[in-house]
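Chain by chain, the residues run as shown.
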Amino acid sequence: MRKAAALLGALTLIMALTGCGGQKDTLRFVYEKTGVPDQECVSYEVDIGREAGGAAVTAELWEDDECTASTPLTLGRETEELHISLLAEGRGTEKDGLYVQMETGEVSGSILTCFGLPSGWTGYSFSAYKDGDILPVHAGEEIVLAAMAFDTGDGVRSVSCPALTDGTETLEDEACVLVIRAAFTAERIGPQASDEECG
């Protein structure tokens, strides 16, 4: 009986040291309904710090294979949630803009970025994940957390976050798409100051 207890103890210790059988780093998707036209809000419950020491989350606006990226928002081991708000303004008018707010509360601050949109956009498709989906994350990988594709006059097709993440779908030949991308690293990332990039 003592041998079995000692063996079980040794096995438990090995599993704890190697990460086998323990908790994994994850993001849990939470969809947030808004009553505001042309606004999409999503949240992720963040649970990292075992394999992934942190992540940099960036908003990227892709127009005809050209990318404009925001300052990254960092997620550290202490981060518990990530909130993303996308507000597109000026549908069908000359005053077009996309406001992207990414925040983690008190831990890592927030990033506000404003992108110009093609004049006269007429609609968009939004994609993320299903409410409650749990995404396993690993150091060295990137995950597309949300995507917003705009109709600039030729119609719009919905893009898939899982397909963009695994590379089965690309942003080539897309007229105007915003993606929110998280790049995970094994290095420990600390808090950052808030930043605003709107002119």
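Conventions and cut-offs
Residues numbered from 1 in each chain as written. Predicted model: local features only at pLDDT ≥ 70, side-chain atom pairs only at ≥ 80, totals over all residues. Heavy atoms only, no water. Helix = DSSP H or I, 4+ residues; strand = E, 2+ residues; numbered from the N terminus. Buried < 20%, exposed > 50% of the residue type's maximum accessible area, 1.4 Å probe, protein only. Pairing = 2+ DSSP bridges. Salt bridge = Lys/Arg side-chain N within 4 Å of Asp/Glu carboxyl O. Phe/Tyr/Trp six-rings, centres within 6.5 Å; stacked < 30°, edge-to-face > 60°. Core = buried A, V, L, I, M, F, W, Y, C linked by side-chain atoms within 4.5 Å. Contact = heavy atoms within 4.5 Å.

Enquirer: Requested: an account of the overall build of the protein chain, with residues and values cited.
Expert: Regarding its fold elements, the protein chain presents two helices and 13 strands. Taken across its 199 residues, the protein chain has 40% of its residues classed as buried.

Enquirer: Break down the pairing of strand E1 (residues 26–32) for me, citing the residues and quoting the values.
Expert: Direction of pairing for E1 relative to strand E2 (residues 39–47): antiparallel, over a ladder of seven bridges. Across the sheet, the residue bridging to Val30 is Ser43, located in E2. Taken together, the three bridges between E1 and strand E10 (residues 134–136) define a ladder with antiparallel strand orientation. Bridge pairing in E10 places Leu27 opposite Leu135.

Enquirer: For the pattern of salt bridges, give the residues involved together with the corresponding values.
Expert: Inspection of the entire model under this criterion finds eight salt bridges. Here Glu169 ties to Arg157 by a salt bridge, and the two come within 3.4 Å at their closest N and O atoms. Here the residue Glu169 occupies a position in the loop between helix H2 (161–166) and strand E12 (177–185), and Arg157 occupies one in the loop between strand E11 (142–151) and H2, the gap between them amounting to twelve residues. Note on Glu169: relative accessible area 15%, which makes it buried.

Enquirer: Lay out the packing of aromatic side chains in plain terms, naming residues and giving numbers.
Expert: The description of an aromatic ring pair rests on the distance of the ring centres and on the angle between the ring planes. The full count for this structure, using the stated rule, is five aromatic pairs. Measuring from centroid to centroid gives 6.4 Å for Trp121 and Tyr124, while their planes differ by 55 degrees, and the two rings are tilted. Grouped by ring-pair contacts, the aromatic residues Phe29, Tyr44 and Tyr129 constitute a single cluster.

Enquirer: Could you give an account of the nonpolar core, with specific residues and numbers?
Expert: Ranked by internal contacts, the top residues of the largest apolar core, which has 47 residues, are Tyr44, Leu98, Leu145, Leu178 and Ile180. Setting aside residues no more than four positions away along its own chain, Tyr44 makes contact with Leu27, Arg28, Phe29, Glu80, Glu81, Leu82, Ile84, Tyr129, Leu135 and Leu145.

Enquirer: Report on the environment of Val30, specifying residues and quantitative values.
Expert: Looking at the secondary structure, you find Val30 in strand E1. The class for Val30 is partly exposed, based on a relative accessible area of 22%. Taking the C-alpha atoms as reference, Val30 lies 9.4 Å from His83; in sequence the two are 53 residues apart. Excluding its chain neighbours within four sequence positions, the residues that come into contact with Val30 are Val42, Ser43, Glu45 and Asp131.

Enquirer: Kindly report on the environment of Ile189, identifying the contributing residues and their values.
Expert: Within the element layout of this structure, Ile189 appears in the loop between E12 and strand E13 (195–197). The class of Ile189 is buried, set by a relative accessible area of 18%. Distance in space between the C-alpha atoms of Ile189 and Thr74 is 7.0 Å, their sequence separation being 115 residues. For Ile189, the contacting residues outside a window of four places in its chain are Gly53, Gly54, Ala55, Thr74, Leu75, Gly76, Arg77 and Glu78.

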